[in-house]
Amino acid sequence: MTASSSFSSSLQRRRFAAWLALGAASPLLPARAAAPFPEKGRTVRIVLGLAAGGASDAQARFVANKLGEVLQTPVIVENRPGASFILATEEVIRSAPDGYTFMYAPSSVVAQNPQTLAQVRYDPFKDLTPISLGARGPLVLTVHTSVPARTVQELVAYIKANPGKMSYASFGTGTSSHIYGEAFARQAGLDVVHVPYKGGADAAKDFLAGRVQYYFDAAPNAIQNTATGKVRMLAVAAPKRSPMLPDVPTMGEQGVSGVDMPSWLGFYGPARMPAPVVEKLNAALAQVLAMPATRDFFRQGAYEAESSSPKQLADLTRSTYDQWGDIIRKLGLVKQQQ
């Protein structure tokens, strides 16, 4: 064999090898079928940015139990409290977009944190995949019984008689409970101290002990805390009264406007989740949230279990983000460090 023919033969072999490599990735050739979601026995994680024991934690665990039955695979809740849900959100964003990790998050995570916290590095519209709405329900203005106030106006009068001596709790800096507290203080001209916590369960400990005097709390927590006899509910922070709390007037009814945004929670996964996986999770969550047992459990805490399409949650995220943005700008709030 001549050198020329040897070179030609070697070149042909390299071209044939390259053709095989290209063909393996070509859509014209049969591709290996993707594994069905979920793989039987593989654990699905619902990440929650709050400590265990609060109302959202109870809701997430109830859903996880039912979702495991529907998907026929283990579903667990993983608590990642702290930094106003930022740690949990970043954990989800870093996860593989395969459907095995997603979060149950209050609207503050996508609508408020990016506009109020300096250390937020995620974009709620680019870094997360909306899966389904989970629940709707109001925040409730609650006060410790050591404070002699049974109406919002009586609370305002008492705080003004004790300037700088009273404090209010929140789920964390930048959350709805913080912004409501700030809006209330600004509108009523109150001299108070904000005390942020890592979630409702942590805040409840100091609140029930009287170390903080009032609190815009999630309705399930408010009901639970009121049952201890150490807390009373003064108002719901919503446009209208809650059907589950018909005797509790709104903030607007008591002369305080602008503290009336309804709150909700939704399920979000990391960006770039495959559409079939999102559809499977959405359908499974819709089935769970429509169960009478789920609805009854959520209603015990004055929340309504409610599912949605991914697009409906995306639209709700955008509209809520814009509404909170208007409130934040009117209050003149700047992004804060944790």
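The structure displayed is predicted, hence computed values, not measured ones.

What follows deals with the nonpolar core. Counting residues in hydrophobic clusters, the biggest one holds 100 residues, and the most contacted among them are L141, L155, F184, Y214 and M251. Not counting the four nearest positions on each side in its chain, M251 is found in contact with L141, V152, F184, F216, A235, V236, A237, V256 and V259.

Moving on: unusual backbone geometry. Here the bond from F37 into P38 is cis, since omega is -10°, no more than 30 degrees from zero. You will see that A83, though not glycine, has its phi angle at about 55°, which is positive. Within the secondary structure, A83 sits in the loop between β2 (75-79) and α3 (86-94). Phi at A302 is positive, roughly 65°, even though this residue is not glycine.

A few words on the packing of aromatic side chains. Applying the stated criterion to the full structure yields 13 aromatic pairs. A centroid spacing of 6.0 Å and a plane angle of 75° characterise the contact between F171 and Y215, whose relative ring orientation is edge-to-face. On the criterion of sequence distance, the pair formed by F171 in the loop between β6 (167-170) and α7 (176-188) and Y215 in strand β8 (residues 214-218) is long-range, its members being 44 residues apart. With respect to class, F171 is no different from Y215; both count as buried. An aromatic cluster is present here, built from Y168, Y180, F184, Y214, F216 and W324 joined pairwise through their rings. The lysine or arginine in question, R42, covers the ring of Y100, its NZ or CZ lying 3.7 Å from the ring centre. Over the aromatic face of F125 sits the side chain of R318, whose NZ or CZ is 3.7 Å from the ring centroid.

If you walk across this open sheet you meet the six strands as β2-β1-β3-β10-β4-β11, and the pairing is mixed. The open sheet terminates on both sides in strands that have one partner only, identified here as β2 and β11 (304-305). Alignment of strand β1 (residues 44-48) against strand β3 (residues 101-106), held across three bridges, turns out to be parallel. Among the inter-strand pairings, R45 is bridged to a residue of β3, identified as T101.

Quick notes on the rules
Residues numbered from 1 in each chain as written. Predicted model: local features only at pLDDT ≥ 70, side-chain atom pairs only at ≥ 80, totals over all residues. Heavy atoms only, no water. Core = buried A, V, L, I, M, F, W, Y, C linked by side-chain atoms within 4.5 Å. Buried < 20%, exposed > 50% of the residue type's maximum accessible area, 1.4 Å probe, protein only. Contact = heavy atoms within 4.5 Å. Helix = DSSP H or I, 4+ residues; strand = E, 2+ residues; numbered from the N terminus. Phe/Tyr/Trp six-rings, centres within 6.5 Å; stacked < 30°, edge-to-face > 60°. Lys NZ or Arg CZ within 6 Å of the ring centre and 35° of its normal. Pairing = 2+ DSSP bridges.

Without other data, these values stay purely geometric and don't point to any function.
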